[in-house]
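# A closer look at the structure
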Amino acid sequence: MAEPLAQSGAVAGTPTPGEVGPIRTVLVALAVCGVCALVLTGSVVLLRPYQLENQRGSSEARVHELVASLPGVSELVAEIGGAELELRTVELRTGHLAPSVDAMTLLDRSDASEGRLLPPDRDPAGVGRVPRYAPIYLLRRNGTLHTVILPVSGRGYGGTLRGHLALAGDGETVRGINFDEHRETPGVGAEIENPQWQALWRGKRLHDATGALRIRTVERAPAPGSPEAAYEVQGISGATRTSRGVTELLRFWVGPDGFGPFLARLRAGEKA
Ligand SMILES: Cc1cc2nc3c(=O)[nH]c(=O)nc-3n(C[C@H](O)[C@H](O)[C@H](O)COP(=O)(O)O)c2cc1C
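Conventions we followed
- Residues numbered from 1 in each chain as written.
- Predicted model: local features only at pLDDT ≥ 70, side-chain atom pairs only at ≥ 80, totals over all residues.
- Heavy atoms only, no water.
- Helix = DSSP H or I, 4+ residues; strand = E, 2+ residues; numbered from the N terminus.
- Buried < 20%, exposed > 50% of the residue type's maximum accessible area, 1.4 Å probe, protein only.
- Contact = heavy atoms within 4.5 Å.
- Areas by Shrake-Rupley, 256 points an atom, 1.4 Å probe, with all protein chains shown as cover.
- pLDDT = per-residue confidence, 0-100.
- Pairing = 2+ DSSP bridges.
- Expected span 1.5 Å × (residues − 1).
- Near = heavy atom within 4 Å.
- Polar contact = N/O pair within 3.5 Å; in protein donor to acceptor, adjacent residues only side chain to side chain.
- Nonpolar A, V, L, I, M, F, W, Y, C, P; charged D, E, K, R; others polar.
- Core = buried A, V, L, I, M, F, W, Y, C linked by side-chain atoms within 4.5 Å.
- Arc of directions from axis to C-beta.
- Salt bridge = Lys/Arg side-chain N within 4 Å of Asp/Glu carboxyl O.
- Phe/Tyr/Trp six-rings, centres within 6.5 Å; stacked < 30°, edge-to-face > 60°.
- Axes fitted to C-alpha atoms, helices over the stretch in contact; angles between N-to-C directions.
- Patch = residues over 30% accessible without salt bridge, like charges linked within 9 Å, V, L, I, M, F, W, Y side chains within 5 Å.

## Considering the overall build of the protein
- Along the backbone of the protein there are seven helices and 10 strands.
- Looking at the protein as a whole, 37% of its 272 residues qualify as buried.
- Within the protein, residue pairs in contact and separated by at least 24 positions form 57% of the contacts whose partners lie at least 6 positions apart.
- Of the roughly 15,800 Å² of accessible surface on the protein, 56% is carried by carbon and sulfur atoms.

This is the structure:
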């Protein structure tokens, strides 16, 4: 027989005092969760611009740090005065900037097995492999491209020479070169580190008026004012192989398998 309602202590659908407790707890917990979710979402949305600003700030600081660590480059930056510095990625084959490829990651990565293997007849500098993408520094003054700094490397006498070639925004005039890694003999090939020798490169041009690639080291200093003086630098005495290595690596990296397509764009007046 059915129990009378008065005895069961509940109207159908109405919670009994024993059931009210858990329901309230669940409701309170849901409300707390809802408020927390709102606060969290709100903070993520509100703090995002600050977070992005911080990230930008720390990557700019890292770029400045990196540039300051390249021999001779901080002097160049100081000379330009108020230069804005950018670290960008270039796709070598097309010469286009590749904003979707993080240049900082490329700098951090040093896997020599990556990249396209060069056939020996296209590799006089002993580069071995060329990557698809390369990191470059752009220095602007008042928004105009003033200098591009390109990483260069190639075979020297004692091992691989690694350094940078700084070119004016015209993609043609040398602003400087440096070598921050090599295994050349002190007093002989290691003179590539000598700022006086490096200074000889300033103002040299890569090509002549016909477009022929002319930059190179030579045994004897070109006569001042001669047509050759625009492109040639006297090599280091007693270090023929190091000097030849410098010629080959510069010519390779400004050529078609290196930054040639990118530099051609600059020479054609395209904006980087
Ligand atoms: C101990 C020693 C260290 C040398 N270091 C270098 C060097 O750093 N760079 C270089 O080009 N040649 C160096 N040379 C000289 C080369 O062996 C070579 O004679 C010179 O580069 C000329 O090369 P070539 O005969 O092909 O013209 C060194 C020679 C000796 C004995």
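## Some remarks on the confidence of the model for the protein
- Scored by pLDDT, the protein has a mean of 87; 88% of the residues are at 70 or more.
- Here residues 5–9 scores under 50 on pLDDT; set against residues more than four positions off or in separate chains, the count is two contacts.

## Things to note about the pairing of strand 1 (residues 84–91)
- Pairing of strand 1 with strand 5 (residues 133–141) involves eight bridges; the strand directions are antiparallel. Considered in strand 5, the bridge of Val90 is made with Ala134.
- Where strand 1 meets strand 2 (residues 96–97), two bridges bridge the pair, whose relative direction is antiparallel. By the bridge assignment, Val90 is partnered in strand 2 with Leu97.
- Counting the residues between successive antiparallel strands, the hairpin from strand 1 to strand 2 contains four residues, one of them, Gly95, with a positive phi of roughly 80°.

## Concerning helix 6 (residues 240–253)
- Relative to the 20 Å expected for 14 residues at 1.5 Å per residue, helix 6 spans 20 Å between its end C-alpha atoms, a close match to the ideal helical length.
- If you check which residues of helix 6 are buried, you get Thr242, Ser243, Gly245, Val246, Thr247, Leu249, Leu250, Phe252 and Trp253.

## Brief notes about the site of the ligand
- Close contacts around the ligand come from Tyr157, Glu184, Thr185, Val188, Gly189, Gly238, Ala239, Thr240, Arg241, Thr242 and Arg244, and that covers them all.
- One nitrogen or oxygen atom from the main chain of Gly189 is found 3.1 Å from an oxygen atom belonging to the ligand.
- Interatomic distance of 3.4 Å between a backbone N/O atom of Ala239 and an oxygen atom of the ligand.
- Relative to its free-state accessible area of 620 Å², the ligand is covered by the protein chains to the extent of 52%.
- Looking at the shell around the ligand residue by residue, the classes come out as three nonpolar, five polar and three charged.

## Focus on the nonpolar core
- Judged by nonpolar contacts, the single largest core of 37 residues is most densely connected at Ile177, Trp197, Trp201, Val246, Trp253, Phe262 and Leu263.
- The contacts of Trp197, once residues within four sequence positions are left out, are Ile177, Phe179, Glu191, Ile192, Thr217, Val233, Gln234, Gly235, Ile236 and Val246.
- With 17 residues, the next largest nonpolar core counts Val63, Leu76, Ala83 and Met104 among its residues.

## Quick look at helix 3 (residues 73–80)
- For helix 3, the full list of buried residues reads Val73, Leu76, Val77 and Ile80. One side of helix 3 carries all its buried residues, which in axial view fall inside an arc of 100°. Along helix 3, exposed side chains directed more than 90 degrees from the buried face belong to Ala78 and Glu79.
- The positive-phi residue at the C-terminal boundary of helix 3 is Gly81, with phi of around 75°.

## Section: the pattern of salt bridges
- The full count for this structure, using the stated rule, is 11 salt bridges.
- In this structure, Arg140 engages Glu86 in a salt bridge whose closest nitrogen and oxygen atoms are separated by 2.8 Å. With Arg140 in strand 5 and Glu86 in strand 1, the pair connects residues that are 54 residues apart, well separated along the chain.
- As a salt-bridge pair, Glu232 and Arg216 come within 3.0 Å of each other at their nearest N and O atoms. Separated by 16 residues along the polypeptide, Glu232 in strand 10 (residues 232–234) and Arg216 in strand 9 (residues 216–218) bring together distant segments of the chain.
- A residue is classified by how much of its surface remains accessible, and Glu232, at 7% relative accessible area, is buried.
- Within the structure, one salt-bridge network assembled from shared partners comprises Glu86, Arg88 and Arg140.

## Comments concerning the packing of aromatic side chains
- Here the structure, examined in full by the defined rule, presents three aromatic pairs.
- Members of the aromatic cluster, connected to one another through ring pairs, are Phe252, Trp253 and Phe259.

## As for the sheet that holds strand 1
- The six strands are arranged 2-1-5-6-7-8 in an open sheet whose pairing can be described as antiparallel. Each of the sheet's edge strands pairs with one partner strand only, and the pair in question is strand 2 and strand 8 (174–181).
- Together, strand 6 (144–155), strand 7 (160–168) and strand 8 form the strand contacts of helix 6, whose direction differs from that of strand 6 by roughly 130°.
- Taken strand by strand, helix 7 (residues 260–267) contacts strand 1, strand 2, strand 5, strand 6 and strand 7, and its axis lies near 160° from that of strand 6.

## Points about a nonpolar patch on the surface
- Taken together, the side chains of Ile23, Val26, Leu27 and Leu30 make up a nonpolar region of the molecular surface, amounting to roughly 390 Å² of accessible area.
- Mapped onto the fold, Leu30 is located in helix 2 (residues 17–69).

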